[in-house]
Amino acid sequence: MQPKQNIMHLPVYQPGKPIEDVKRELGLDDVIKLASNENPIGYSPKAKAAMLDEIDRLNIYPDGASVELTAVLAKKLGVAENQLIFGTGSSDIILMICRAYLTSADETVMADETFSQYKHNCEVENAKIVEVPLKEGKHDLDAMLEAVNERTKVLWICNPNNPTGTIVEHEELVQFLTKVPGHVLVVLDEAYCEYVTDEQYTDGTKLLEQFPNLVVLRTFSKVYGLAANRIGYGIGAAPVIRAINQVREPFNTGRLAQVAAKASLLDDEFLTRSRAANSAGRDYLHAQFDRMGLQYFEGHGNFIMVDVRTPSMQIFDRLLRKGIIIRAGWKHYPNSIRVSVGNEEQNAKFIQALEEVLTELAVLQ
Ligand SMILES: *Cc1c(COP(=O)(O)O)cnc(C)c1O
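Residues numbered from 1 in each chain as written. Predicted model: local features only at pLDDT ≥ 70, side-chain atom pairs only at ≥ 80, totals over all residues. Heavy atoms only, no water.

(A) Inspection of the overall build of the protein at higher detail. Along the protein, the regular secondary structure elements total twelve helices and twelve strands. Relative to the compact-globule value of 21 Å for 365 residues, the protein shows a C-alpha radius of gyration of 21 Å, a close match. Taking the principal axes of the C-alpha coordinates as reference, the protein spans close to 60 × 55 × 55 Å. For the protein, with 365 residues in total, the buried portion stands at 53%. The long-range share in the protein, meaning contacts at least 24 apart out of those at least 6 apart in sequence, stands at 73%. Split by element, the accessible area of the protein, about 16800 Å² in all, is 51% carbon and sulfur. Looking at charge distribution, the protein has the averaged site of its 38 positive side-chain charges lying 4 Å from that of its 49 negative ones. (Helix = DSSP H or I, 4+ residues; strand = E, 2+ residues; numbered from the N terminus. Rg over C-alpha atoms; globule rule 2.2 N^0.38 Å. Buried < 20%, exposed > 50% of the residue type's maximum accessible area, 1.4 Å probe, protein only. Contact = heavy atoms within 4.5 Å. Areas by Shrake-Rupley, 256 points an atom, 1.4 Å probe, with all protein chains shown as cover. Lys, Arg positive; Asp, Glu negative; His and termini not counted. Charge placed at Lys NZ, Arg CZ, Asp CG, Glu CD.)

Written as structure tokens, this is what we have:
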């Protein structure tokens, strides 16, 4: 037996280290995970009530078309119902886009570095991947445009970009979309859009009418705090959504995920509270990095990439021994770590531990 040649070299995804593993391996009682950009507040109590209400119906298949959730979201976004598609997280939408659009004859353009799942799924379809280095942590849109040719099918923009946290601003995005040829599907991943407070940021859904080759991705895993429930969505022109729907598994979102997502969309209070807590935590971390004289990319989501002037895996190991899990090991940023914005106590503990580690290593005096 031989699997497809083009998947043989693919690594199995390494998630952020689970808290339970770290506790067991290091004999620690108190472990903080600031590695996967999860919501430290939890999720909407209305979503919890909705799931409890649904719990006795798990023997019945879910609504494959997510009819009720679609109606609520379409109204909220001001789009037609046939412009929406749901997935098992937005990762599932990424997978479906690749499945629907890419073959070994096609090319795809993405930033380097960006969210790893674009490249992964494009490799599964054996498309030619053209990676365009970031410029000062930001998407280099001019270079990305130059990388487009007649074989380019899909182009990926992560806004804010994971892992650097930088944004593409409204004006540059519109200029860019105006120049991208119509045969290229532009995927705008807005997994962290709800956290952005910068006025130059743009809401991709407002550009859909002008650019029918644009598809926007969103998720309930981040600000809505439903990472374990696995639900996200795509918004685009009806023909694009139809194509993606053609490769969708019939029941790719579960009952609990659908009702929790719907209730979350109707809970503005939770969203406002999550955003405010994140902004305060982000400001605190930025200020602490300034105080320590560390360089960082200003975070626009709920995470920050900071240069610790030391090989990042070394910092990862030392923080881990103090019970703090962060992300490290970025190819182009070997001396940087990515830390999620936690709650007040977690952020303070992280800063204290980082300061201790960097002092031990004589990076800080
Ligand atoms: C977390 C994340 C996602 C969403 O993942 P889900 O599959 O919805 O949990 C998508 N894109 C980026 C850039 C992310 O960081």
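There is more to say after this.
(B) How the structure looks around the sheet that holds strand S3 (residues 107-112). The strand order across the open sheet formed by seven strands is S2-S8-S7-S6-S5-S3-S4, and the pairing between neighbours is mixed. Each of the sheet's edge strands pairs with one partner strand only, and the pair in question is strand S2 (84-87) and strand S4 (128-133). Ignoring which end each strand starts from, the neighbouring axes of this sheet average 20° apart. Pairing between S3 and strand S5 (residues 152-158): three bridges, direction parallel. (Pairing = 2+ DSSP bridges. Axes fitted to C-alpha atoms, helices over the stretch in contact; angles between N-to-C directions.)

(C) Quick look at the packing of helix H4 (residues 90-101) against helix H5 (residues 116-124). Orientation of H4 relative to H5, taken along the N-to-C sense of each, is 35°, at an axis distance of 9 Å. In this structure, H4 meets H5 at a crossing whose hand is right-handed. Contact residues: H4 offers Ile94, Leu95 and Cys98, while H5 offers Gln117, Tyr118, Asn121 and Cys122. For the contact of H4 with H5, the residue count by class is five nonpolar, two polar and no charged. (Left-handed = near helix turned anticlockwise from the far one by under 90°. Nonpolar A, V, L, I, M, F, W, Y, C, P; charged D, E, K, R; others polar.)

(D) Here's a closer look at the sheet that holds strand S12 (residues 336-340). One open sheet holds the three strands; their spatial order is S9-S10-S12, and the pairing between them is antiparallel. The open sheet has two free edges, formed respectively by strand S9 (296-297) and S12, since each of these has just one partner strand. Note: S9 against strand S10 (residues 303-307), two bridges, orientation antiparallel. Residue pairing across strands places Phe297 opposite Met305, the latter belonging to S10.

(E) Region of interest: the UniProt feature "domain: Aminotransferase class I/classII large" (unreviewed entry) in the protein. In this structure's numbering, the residues bearing the UniProt feature "domain: Aminotransferase class I/classII large" (unreviewed entry) are residues 30-354. Taken end to end, residues 30-354 is 38% helix and 17% strand, and its first and last C-alpha atoms sit 16 Å apart. (UniProt positions renumbered as here; feature names shortened; annotations may be inferred.)

(F) Local environment of the site of the ligand. The full set close to the ligand counts 13 residues, and Ser91, Tyr192, Thr219, Ser221 and Lys222 are the nearest of them. Between an oxygen atom of the ligand and a side-chain N or O atom of Lys222, the distance comes to 3.2 Å. In isolation the ligand exposes 390 Å². Once the protein is present, 93% of that is buried. Class assignment of the residues belonging to the shell around the ligand gives a composition of four nonpolar, six polar and three charged. (Near = heavy atom within 4 Å. Polar contact = N/O pair within 3.5 Å; in protein donor to acceptor, adjacent residues only side chain to side chain.)

(G) Quick look at the packing of aromatic side chains. Under the counting rule described, the total for this entry stands at ten aromatic pairs. For the ring pair Tyr118 and Trp156, a centre distance of 4.8 Å and an interplane angle of 15° mean the geometry is stacked. Highlighted residues: Tyr118 in helix H5 and Trp156 in strand S5, separated in sequence by 38 residues. Each member of the pair Tyr118 and Trp156 is classed as buried. Ring plane angle 45° and centroid distance 5.0 Å describe the contact between Phe220 and Tyr224, whose orientation is recorded as tilted. In this pair, the class of Phe220 matches that of Tyr224, namely buried. Three or more aromatic residues joined by ring pairs make a cluster, and in this case those are Phe86, Phe220, Tyr224 and Tyr233. The residue whose ring lies beneath Arg338 is Phe303, and the NZ or CZ to ring-centre distance is 5.7 Å. (Phe/Tyr/Trp six-rings, centres within 6.5 Å; stacked < 30°, edge-to-face > 60°. Lys NZ or Arg CZ within 6 Å of the ring centre and 35° of its normal.)

(H) Summary view of the side chain of Glu190. Residue placement: Glu190 occurs in the loop between strand S6 (185-189) and strand S7 (214-219). Classification of Glu190 by relative accessible area gives buried; the value is 0%. Polar side-chain contacts of Glu190 include one of 2.8 Å to the backbone nitrogen of Gly204. For Glu190, the contacting residues outside a window of four places in its chain are Asn159, Tyr201, Thr202, Asp203, Gly204, Val216, Leu217 and Arg218.

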